[in-house]
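# Remarks on the overall topology
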Amino acid sequence: MRRRTALRPALFYNALIETPNIERKTMNRRTSKIAQIAFAAAIVGAASAPQAAAREYVHYRSDLNPGSIVVSEHERKLYLIVDQNDAIAYKVAVPKAGKQWSGVVQINGRFVAPDWTPPEDVKQDHPELPEVIPGGAPNNPMGARAMTLSEGQVAIHGTTQKMRKSIGSAASYGCIRMLNEDIVDLYDRVAVGATVVMTP
């Protein structure tokens, strides 16, 4: 595996945790005007609708087996190979300056909402972080799913609501960060053992 920068251990997965869906609280209002009711319902529906996923089907030439992944650092995109000419492209956040890496690895684990222990370098930059953030917690940077890679102890994973805006940038400590709805989609399409190619 060719690396531009050596990676320190970055992620530790403590448990596989299924978390229940949290019901969104709603507030009912009585009003004598049907128009006001309809208008309020429309606003609530728009507010609770999920944000659009950052993925699309694209023409992409590759000799890799279907189910393989290519991550393009400069494009800030992850390509899931469908066949020799097609792929699903997802917008991602890639490693920030000093944390970049490249090479060929494999997916060696798949996790639903894993616990997260901040690694040493993250802890140095953010000493306020707890020792463990439980899976499913709103501040857990692994998000809804995580797939660990065979070298470097990094992963392809989801994100927090606060960090959604980082997708499409160079922001991580070595991992590939995706929108939660996109990592759920990718997770359902990829198996342990799948090849992952990280390119500059």
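Residues numbered from 1 in each chain as written. Predicted model: local features only at pLDDT ≥ 70, side-chain atom pairs only at ≥ 80, totals over all residues. Heavy atoms only, no water.

### Comments concerning the environment of Arg55
- With respect to the secondary-structure elements, Arg55 resides in strand 1 (residues 55–59).
- For Arg55, a relative accessible area of 34% corresponds to the partly exposed category.
- Placed 37 residues apart in sequence, Arg55 and Val92 show a C-alpha to C-alpha distance of 9.6 Å.
- Look past the residues within four positions of Arg55 in its chain and what remains in contact with it is Ile88, Ala89, Tyr90, Glu181, Asp182 and Asp185.
- Polar contacts involving the side chain of Arg55 include one to the main-chain carbonyl oxygen of Glu181, which spans 3.4 Å.
- In this structure the side chain of Arg55 is engaged in a polar contact, spanning 2.5 Å, whose partner is the side chain of Asp182. (Helix = DSSP H or I, 4+ residues; strand = E, 2+ residues; numbered from the N terminus. Buried < 20%, exposed > 50% of the residue type's maximum accessible area, 1.4 Å probe, protein only. Contact = heavy atoms within 4.5 Å. Polar contact = N/O pair within 3.5 Å; in protein donor to acceptor, adjacent residues only side chain to side chain.)

### Overview of unusual backbone geometry
- Positive phi outside glycine occurs at Arg76, with the angle close to 60°.
- Note on placement: Arg76 falls in the loop between strand 2 (69–72) and strand 3 (77–83).
- The class for Arg76 is partly exposed, based on a relative accessible area of 31%.
- The backbone phi angle of Ala113 is positive, close to 45°, even though this residue is not glycine.
- With respect to the helices and strands, the residue Ala113 is situated in the loop between strand 6 (103–112) and helix 2 (120–125).
- Taking the relative accessible area as the measure of exposure, Ala113 reaches 5% and is therefore buried.

### As for the nonpolar core
- In this structure, Ile69, Leu78, Ile156 and Leu186 are the most contacted members of the largest nonpolar core, which totals 28 residues.
- Only strand 2, strand 3, strand 4 (86–91), strand 6, strand 7 (145–149), strand 8 (155–157), helix 3 (180–187) and strand 11 (195–199) provide two or more residues apiece to this core.
- Setting aside chain neighbours within four positions, we find Ile69 in contact with Leu78, Tyr79, Leu80, Ile107, Ile156, Leu186, Val190, Thr195, Val196 and Val197.
- Within the second largest apolar cluster, eight residues are counted, among which are Val58, Tyr60, Ile81 and Ala89. (Core = buried A, V, L, I, M, F, W, Y, C linked by side-chain atoms within 4.5 Å.)

### Here we look at the layout of surface pockets
- Put simply, the second largest pocket is a space of about 500 Å³.
- The wall of the second largest pocket is formed by 22 residues, among which Trp116, Val122, Pro141, Met163 and Arg177 lie closest to the centre.
- Each residue belonging to the lining of the second largest pocket can be placed in one class, and the counts come to 13 nonpolar, six polar and three charged. (1 Å grid on protein atoms, 1.4 Å probe; cavity = no way out; pocket = protein on both sides within 12 Å on 5 of 7 lines; lining within 4 Å. Points joined across faces, edges and corners; volume = space filled by probe spheres on them. Nonpolar A, V, L, I, M, F, W, Y, C, P; charged D, E, K, R; others polar.)

### Things to note about the pattern of salt bridges
- For the structure on display, the rule yields eight salt bridges.
- The residue Asp182 makes a salt bridge to Arg55 at a minimum N-O spacing of 2.5 Å. Taken together, the positions of Asp182 in helix 3 and Arg55 in strand 1 put the pair 127 residues apart, joining distant regions of the chain.
- For Arg189, the salt bridge goes to Asp185, with nearest N and O atoms at 2.9 Å.
- Using a relative accessible area of 38% as the deciding quantity, one classes Arg189 as partly exposed.
- On the accessibility criterion, Asp185 (15% relative accessible area) is buried.
- When salt bridges with common partners are traced through the structure, they connect Arg55, Asp182, Asp185 and Arg189 into a single cluster. (Salt bridge = Lys/Arg side-chain N within 4 Å of Asp/Glu carboxyl O.)

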